[in-house]
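So the chains spell out like this:
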Amino acid sequence: MPTKSGFRIGSILGIPIYLHASWLLIFGLITYSLGMQFTQSHPQWSSTQHWTVGVLTSLLFFASVLFHELSHSVVAMHYKIRVASITLFLFGGVARIGREPSKAIQEFNIAIAGPIASYFLCAFFFGLTLLFPYSDALGALGLWLAQINFAVATFNLLPGFPLDGGRIFRAAVWGATKDFTHATRVASVSGQLVAYGLILLGAWFAAVKRDWQSGLWLACIGFYLQSAARDSIAQLAIRETLAGLRASDVMNNEVPTINRNTSLEEYSAEVLRTGRRCHLVVTEDRLVGMMNVNTLNAVPRGEWGNMSVQGAMIPREKILWARPDEPLLGLLERLVSADVNQMPVVSDTENDGAHIVGMITRDSILRVMQARSEVGSLSPTR
Ligand SMILES: [Zn+2]
């Protein structure tokens with residue numbers, strides 16, 4: 001699955017939209033094959049017209065994919081789930097959401113929004129073909145886009161994770177059994193079956209129908225889905241490894257502090273000397289903020305001598321906090337979605353207000369996961 005990498009082309013509804021490099025390849029291929037197709041089916045057009053309609057149709061196809069992903073995103077945001085980004089890549093689009101839905105019905109609605117959007121676009125473009133004949137540019141464009149959106153919606157409804165249909169399937173099993181882990185496992189297995197089915201279908205196209213192009217394409221999609229379904233099992237393993245653990249189990253009880261009047265120059269020396277990358281900023285025992293290597297690096301090197309930690313730190317009210325009894329899995333999701341590496345852990349004692357009891361970092365969570373998975377693989381019962 002592509003990560004955030006790629007070029008940012010803008011943002012819609014506050015969601016950054018990225019184009020992955022592999023998108024250029026598929027855009028080129030589709031535009032080329034459309035140009036060739038229109039050249040054959042509309043010999044009366046000029047060649048400028050063939051390629052203009054080809055490029056336009058191709059662009060509208062990618063707008064359709066974007067619309068599909070935005071539909072998932074709008075429903076996710078309705079449930080207060082943050083959408084980190086939408087990326088268009090070789091096999092279509094992917095919307096990265098900040099966390100898993102907390103209820104089966106939410107997952108169901110987020111998943112089904114995409115295919116509904118694509119069927120809607122299919123109907124819209126089919127409407128164009130009723131208004132304009134196929135000999136016309138708009139008619140030819142409308143027919144192709146109606147067909148491709150129909151195919152996108154229907155393909156995505158295949159019941160294998162991570163396709164939309166697989167998510168719908170997982171939501172159904174999850175709702176029926178109230179067991180998220182079991183539902184994910186079932187949907188991942190069906191995802192692998194769908195993937196192998198596509199690979200076999202691809203082989204059949206190539207060997208029996210001598211259609212190498214379609215065969216190769218189907219097999220590629222199959223291999224992609226197969227690895228994505230395997231990833232979802234790996235994610236599940238993370239959930240299981242972290243299950244039952246809380247912030248207080250893995251936090252570091254030692255919380256390094258730094259005085260707010262320290263200069264950034266001195267701070268960088270402190271970081272280099274101790275290897276600690278995050279400090280709480282205090283003044284006379286009162287917490288005023290948090291300082292780390294990222295915030296230090298945000299200040300140009302030349303200004304480190306005459307700026308204090310106070311001028312560069314994350315102010316107290318902007319710090320994200322964790323509670324000692326907070327489940328580790330939710331906390332990890334919070335760290336990742338806020339794109340921070342550490343959070344102070346605060347306990348609330350009735351009488352004397354908030355107390356900082358430790359510091360939790362992504363690294364410390366990852367270390368626990370690593371250790372647990374190694375112990376798990378040594379244990380004979382697994
Ligand atoms: Zn979708």
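Criteria and cut-off values
Residues numbered from 1 in each chain as written. Predicted model: local features only at pLDDT ≥ 70, side-chain atom pairs only at ≥ 80, totals over all residues. Heavy atoms only, no water. Helix = DSSP H or I, 4+ residues; strand = E, 2+ residues; numbered from the N terminus. Buried < 20%, exposed > 50% of the residue type's maximum accessible area, 1.4 Å probe, protein only. Contact = heavy atoms within 4.5 Å. Areas by Shrake-Rupley, 256 points an atom, 1.4 Å probe, with all protein chains shown as cover. Lys, Arg positive; Asp, Glu negative; His and termini not counted. Charge placed at Lys NZ, Arg CZ, Asp CG, Glu CD. Pairing = 2+ DSSP bridges. Right-handed = clockwise from strand over helix to strand, strands pointing away. Polar contact = N/O pair within 3.5 Å; in protein donor to acceptor, adjacent residues only side chain to side chain. Axes fitted to C-alpha atoms, helices over the stretch in contact; angles between N-to-C directions. Left-handed = near helix turned anticlockwise from the far one by under 90°. Nonpolar A, V, L, I, M, F, W, Y, C, P; charged D, E, K, R; others polar. Donors = N, O, S within 2.8 Å, 3.2 Å for Na, K, Ca; no water. Tetrahedral: all angles 85-135°; square planar, octahedral: opposite > 155°, others 65-115°.

1. Concerning the overall build of the protein
In terms of regular secondary structure, the protein is built from 13 helices and 10 strands. In the protein, buried positions account for 44% of the 382 residues. Of the contacts formed within the protein by residues at least 6 apart in sequence, a portion of 59% connects residues at least 24 apart. Within the structure as shown, the protein displays about 20400 Å² of accessible surface, and the carbon and sulfur contribution to it stands at 61%. Across the protein, the 30 positively charged side chains and the 27 negatively charged ones have centroids separated by 4 Å.

2. Observations regarding the pairing of strand E6 (residues 278-283)
Taking burial as the measure, the six residues of E6 include six buried ones, the bulk of the element. The two faces of E6 match: Cys278, Leu280 and Val282 on one face and His279, Val281 and Thr283 on the other face are all buried. Note: strand E5 (residues 257-259) against E6, three bridges, orientation parallel. The residue bridging Asn259 from the neighbouring strand is Val282, located in E6. A crossover links E5 with its parallel partner E6, the connecting element being helix H9 (residues 264-274), and its sense is right-handed. With six bridges joining them, E6 and strand E7 (residues 286-292) adopt antiparallel strand pairing. Counted as the bridge partner of His279 is Met291 from E7. Here E6 hands over to E7 after two residues, with Glu284 in that stretch at a positive phi of 45 degrees.

3. Regarding the side chain of Ser190
Here Ser190 shows up in helix H6 (residues 180-207). On the basis of relative accessible area, Ser190 is assigned to the buried category, the value being 13%. Within the structure, the side chain of Ser190 is placed 2.5 Å from the backbone oxygen of Pro159, a separation counted as a polar contact. Apart from the residues within four sequence positions on either side, Ser190 is in contact with Pro159, Gly160, Phe161 and Phe169.

4. Notes on the packing of helix H2 (residues 47-78) against helix H4 (residues 137-156)
Their axes nearest at 10 Å, the elements H2 and H4 cross at an angle of 30 degrees. Read as a crossing pair, H2 and H4 show a hand that is right-handed. Contact residues: H2 offers Val53, Leu56, Thr57, Leu60, Phe61, Ser64 and His68, while H4 offers Ala137, Leu141, Trp144, Leu145, Ile148, Asn149, Val152 and Asn156. Looking at side-chain class alone, the contact of H2 with H4 contains 10 nonpolar, five polar and no charged residues.

5. Quick word on the coordination of the zinc ion
Looking at the zinc ion, one finds its protein donor set to be His68 (NE2), His72 (NE2), Asp164 (OD) and Asp164 (OD), positioned 2.1 to 2.6 Å from the metal centre. Each of the four donor atoms bound to the zinc ion contributes to angles spanning 55 to 149 degrees, and the resulting shape is irregular. When the donors of the zinc ion are listed by position in the chain, the intervening gaps give H-x3-H-x91-D. A residue pair is termed a helical-turn pair when its members lie 3 or 4 positions apart in one helix, as His68 and His72 do in helix H2 at four residues.

6. What to know about the environment of Phe125
Summarising the element assignment, Phe125 is placed in helix H3 (residues 104-131). Assessed through its relative accessible area of 6%, Phe125 is described here as buried. Put simply, Phe125 and Gly139 are 14 residues apart on the chain and 8.8 Å apart in space, counted from C-alpha to C-alpha. Ignoring sequence-local partners within four residues, the contact set of Phe125 consists of Ser64, Gly142, Leu145, Ala146 and Asn149.

7. Concerning unusual backbone geometry
A cis amide bond links Phe161 with the next residue in sequence, Pro162, at an omega value of 10 degrees. Residue Arg210 is not a glycine yet carries a positive backbone phi of 55 degrees. Note that Arg210 resides in the loop between H6 and helix H7 (212-242). Given a relative accessible area of 62%, Arg210 falls into the exposed group.

Nothing here speaks to function; it is geometry throughout.
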